[in-house]
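Each chain, letter by letter, is given below.
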Amino acid sequence: FFFLMIRRPPRSTQSRSSAASDVYKRQGINAEYMGLREKSIDDLNKELEKHKDELAALRINKVAGGNAAKLAKIRVNRKAIAKYLTVVHQKRRNDIRSQLKNAQRLPLDLRPKLTRAIRQRLTKFERRQKTTRDLKREQNFPLRKYALRA
């Protein structure tokens, strides 16, 4: 017996034209979120509260046995809240960064992450420091100077 290998079509992607790829077309950048960075933090917080209230209402509706359209809206709402929170946090961090521009030390969360080893190694100033023993040794036993006859 010969088994016929039937190749499954690839999962829907943006380039393929299928019913599932229409989802990608509908997911285009939503106009509602385009101007978020231009808004003030107070405006963002007000809209964030609206989204949170709507999410609470949708969750109550879910428990009460709401329809599928409302249940699908829960995910959209959660994503919207995440977008608003992201912008709010970025704005706050940028404000703090600009206030502390000339400060001697930055808060830990604003410092560069790097690696743990790099963060914990000695600074250039600390590496240059010498112990009192080294200072005495250099003072008492300086490098000898030799003159060679040509």
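### As for the overall build of the chain
Of the regular secondary structure elements, the chain holds 6 helices and 0 strands. Moving toward the C terminus, one meets the helices and strands of the chain in the order α-α-α-α-α-α. Expressed as a percentage of its 150 residues, the buried residues of the chain come to 11%. Of all intrachain contacts in the chain linking residues separated by at least 6 positions in sequence, the fraction that spans at least 24 positions is 49%.

### What about unusual backbone geometry?
If you check the backbone angles, L114 has positive phi at about 50 degrees while not being a glycine. Tracing the sequence through the fold places L114 in the loop between α3 (68–99) and α4 (116–120).

### Here's the deal with the confidence of the model for the chain
For the chain, the average pLDDT comes to 85, and 79% of its residues sit at 70 or higher. Predicted confidence in the chain is weakest over helix α1 (residues 21–26), with a mean pLDDT of 52, and strongest over helix α6 (residues 132–140), with 97.

### A look at the pattern of salt bridges
Tallied over the full model, the rule gives 5 salt bridges. Taking the shortest distance from any N to any O, the salt bridge between K73 and E54 comes out at 3.1 Å. Of this pair, K73 sits in helix α3 while E54 sits in helix α2 (residues 41–63), placing them 19 residues apart in sequence.

### Things to note about the side chain of N77
In this structure, N77 sits in helix α3. With residues near it in sequence (within four places) discarded, N77 still touches H51, E54, L55 and L58.

### Let's talk about a positive patch on the surface
Positive charge collects at one region of the surface, where R59, K62, R75, R78, K79 and K83 lie side by side. Every element with two or more residues in the positive patch is listed here: α2 and α3. In this structure, K83 sits in helix α3.

### Structural notes on the side chain of H51
Relative to the elements of secondary structure, H51 occurs in helix α2. Excluding residues within four positions of it along the chain, H51 makes contact with E32, N77, A80, I81 and Y84.

### So, the nonpolar core
Formed by 13 residues in total, the largest nonpolar core has its most connected members in Y33, L36, L44 and Y84. Those elements that place two or more of their residues in this core are α2 and α3. Counting residues per element, this core draws most heavily on α3, which supplies 6 residues. Filtering out sequence-adjacent residues up to four positions away, Y84 remains in contact with E32, Y33, L36, K39, L44, E47, L48 and H51.

### Things to note about α3
Here α3 is 32 residues long and its end C-alpha atoms lie 48 Å apart, about the 46 Å a rise of 1.5 Å per residue gives. All of the buried residues along α3 are I74, N77, A80, I81, Y84, V87 and V88.

### Here's the deal with the packing of α2 against α3
Running from amino to carboxyl end, α2 crosses α3 at an angle of 155 degrees, the nearest separation of the two axes being 9 Å. With respect to α3, the axis of α2 lies roughly antiparallel. As α2 packs across α3, the resulting crossing turns out to be left-handed.

Conventions and cut-offs
- Residues numbered from 1 in each chain as written.
- Predicted model: local features only at pLDDT ≥ 70, side-chain atom pairs only at ≥ 80, totals over all residues.
- Heavy atoms only, no water.
- Helix = DSSP H or I, 4+ residues; strand = E, 2+ residues; numbered from the N terminus.
- Buried < 20%, exposed > 50% of the residue type's maximum accessible area, 1.4 Å probe, protein only.
- Contact = heavy atoms within 4.5 Å.
- pLDDT = per-residue confidence, 0-100.
- Salt bridge = Lys/Arg side-chain N within 4 Å of Asp/Glu carboxyl O.
- Patch = residues over 30% accessible without salt bridge, like charges linked within 9 Å, V, L, I, M, F, W, Y side chains within 5 Å.
- Areas by Shrake-Rupley, 256 points an atom, 1.4 Å probe, with all protein chains shown as cover.
- Lys, Arg positive; Asp, Glu negative; His and termini not counted.
- Charge placed at Lys NZ, Arg CZ, Asp CG, Glu CD.
- Core = buried A, V, L, I, M, F, W, Y, C linked by side-chain atoms within 4.5 Å.
- Expected span 1.5 Å × (residues − 1).
- Axes fitted to C-alpha atoms, helices over the stretch in contact; angles between N-to-C directions.
- Parallel < 35°, antiparallel > 145°, perpendicular 65-115°, else oblique.
- Left-handed = near helix turned anticlockwise from the far one by under 90°.

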